[in-house]
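Structure at a glance
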Amino acid sequence: MTDPIIIVGASQAGLQVAESLRADGYDGALTMIGDEPHPPYQRPPLSKALLTGETTEDRLVLRGRDLLAKRNIELVTGVRVEAIDRAGRRLRLSDGRDLAYRGLALATGGRARTLPIPGAELDGVVTLRTIEDSRRIGAGIAQASSVAVVGGGFIGLEIAAAARKAGKPVVVFEALDRLLARSSAPFVSDFFRDVHTSAGVDIRLGTQVSAIEGKGGRAAAVITADGRGHPADLVVVGVGIVPNAELAQACGIACERGIVVDDCSRTDDAAVVAAGDCTARRLPNGALLRLESVQNAIEQGKSAAAALLDRARPFTAAPWFWSDQYDVRLQMAGLSAGHDKIVVRGDRAARRFSVFYFGGERLLAVDTVNRAPDHIAARKLLDAGRSPTFAQAADEGFALAQLLR
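Quantities reported herein were computed from a predicted structural model and do not represent experimental measurements.

**Examining the nonpolar core**
I137 and V170 are the most contacted members of the largest nonpolar core, which has 43 residues in total. When neighbours within four sequence positions are excluded, V170 is seen to be in contact with V147, V149, A160, A163, R164, G200, V201 and D202. Counting 24 residues, the second-largest nonpolar core is a separate cluster that includes V17, A18, A304 and A307.

Right, dumping it as structure tokens:
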């Protein structure tokens, strides 16, 4: 067949599919289509180093156009795929073109969730997903008199840290009763609350935002459910993402909380795979797992490329994530949902500790704060299916690597 493999999404996942196809021996036509004007770039620094000025936009580029061309990967930017004709194996593009494909990879990512409240459309109310969003937030922080962040998850807290480092008054509104409630134990939530309050951030837990009040078309205050107003001329909304699954859903590919894939990134269409933030992976027990991380994009991208070449490369590694806030690096390995015991080693006051999550006597996950060696060991232990005892986990003198011999 002369028709190309087409990748929809010039993202980290999309790039990984392309590069893995080449690494796995595919030398046919290969096209990557992105709706942004940029070549593939890193997204994590958008809420971290880019906002604080520790890196620049050009350093975020994963692969430039020239390098992609050298690898015979055609990059099409600023164009949307509007429809998929699965029966005819064709795509309709927003620029009027109609392209045939032999295999299709969907790496469409996600979009920032917005607030369905009055005033959400005002100038000065922003979300973060793209380089342009990060530019707007950076400019907004520089000009703001006061900053409000809606959402006490990773994105919200990273932006709050950047705004405080810039010397701006910051208030964080979190609807739940603790920060990072969906990802960490109360011990870790309390630690990050203290980190931010010690930096001068006003944390409002259990507080629902009901409206954003404007003045002259621009945000002026956040209104909470109790009717109180909180001055803010920059309001950053960090309440998660919505997977971009509509393109797949419209052509009849199974979607539920995202594009449904198996461990090998295969959809229910043999010619179509999917990878990255747009997906929901069906587990052996029937549950769906959504992961939004660099690791997930890379590993699913590798699996998707293999599947397009009729090979099986399941993604089975323990998931991992990270977050940078002030001088604190949080690294997470595994999934702590369902844990019934935590064990802590290290010094919370010194901001150097690890939290081990157990289900029964089995290690489920490890959160580390400024303890990279524990994080590396945790990933290896989880992948090997090995667990320290409670006493070993708590003992600073016990080397976790001993369990891997």
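**What about the packing of helix α1 (residues 12-23) against helix α8 (residues 294-308)?**
Where α1 meets α8, the axes come as close as 7 Å, and the angle between the chain directions of the two elements is 40 degrees. Relative to α8, the element α1 lies oblique. The crossing of α1 and α8 is right-handed. Contacts between α1 and α8 pair Q12, A13, Q16, V17, S20 and L21 from the former with V294, A297, I298, G301, K302, A304, A305 and L308 from the latter. Classifying every residue of the contact of α1 with α8 by side-chain character gives 9 nonpolar, 4 polar and 1 charged.

**Some remarks on the pairing of strand β4 (residues 81-85)**
Each regular strand carries side chains that alternate between the two faces of the sheet. Where β4 meets strand β5 (residues 90-93), 4 bridges bridge the pair, whose relative direction is antiparallel. The residue of β5 that forms the bridge with A83 is R92. Taken together, β4 and the strand that follows it, β5, pair antiparallel across an intervening segment of 4 residues, in which R89 is found at a positive phi of about 50 degrees.

About the criteria used
- Residues numbered from 1 in each chain as written.
- Predicted model: local features only at pLDDT ≥ 70, side-chain atom pairs only at ≥ 80, totals over all residues.
- Heavy atoms only, no water.
- Core = buried A, V, L, I, M, F, W, Y, C linked by side-chain atoms within 4.5 Å.
- Buried < 20%, exposed > 50% of the residue type's maximum accessible area, 1.4 Å probe, protein only.
- Contact = heavy atoms within 4.5 Å.
- Axes fitted to C-alpha atoms, helices over the stretch in contact; angles between N-to-C directions.
- Helix = DSSP H or I, 4+ residues; strand = E, 2+ residues; numbered from the N terminus.
- Parallel < 35°, antiparallel > 145°, perpendicular 65-115°, else oblique.
- Left-handed = near helix turned anticlockwise from the far one by under 90°.
- Nonpolar A, V, L, I, M, F, W, Y, C, P; charged D, E, K, R; others polar.
- Pairing = 2+ DSSP bridges.

Just distances and angles here, no functional claims.
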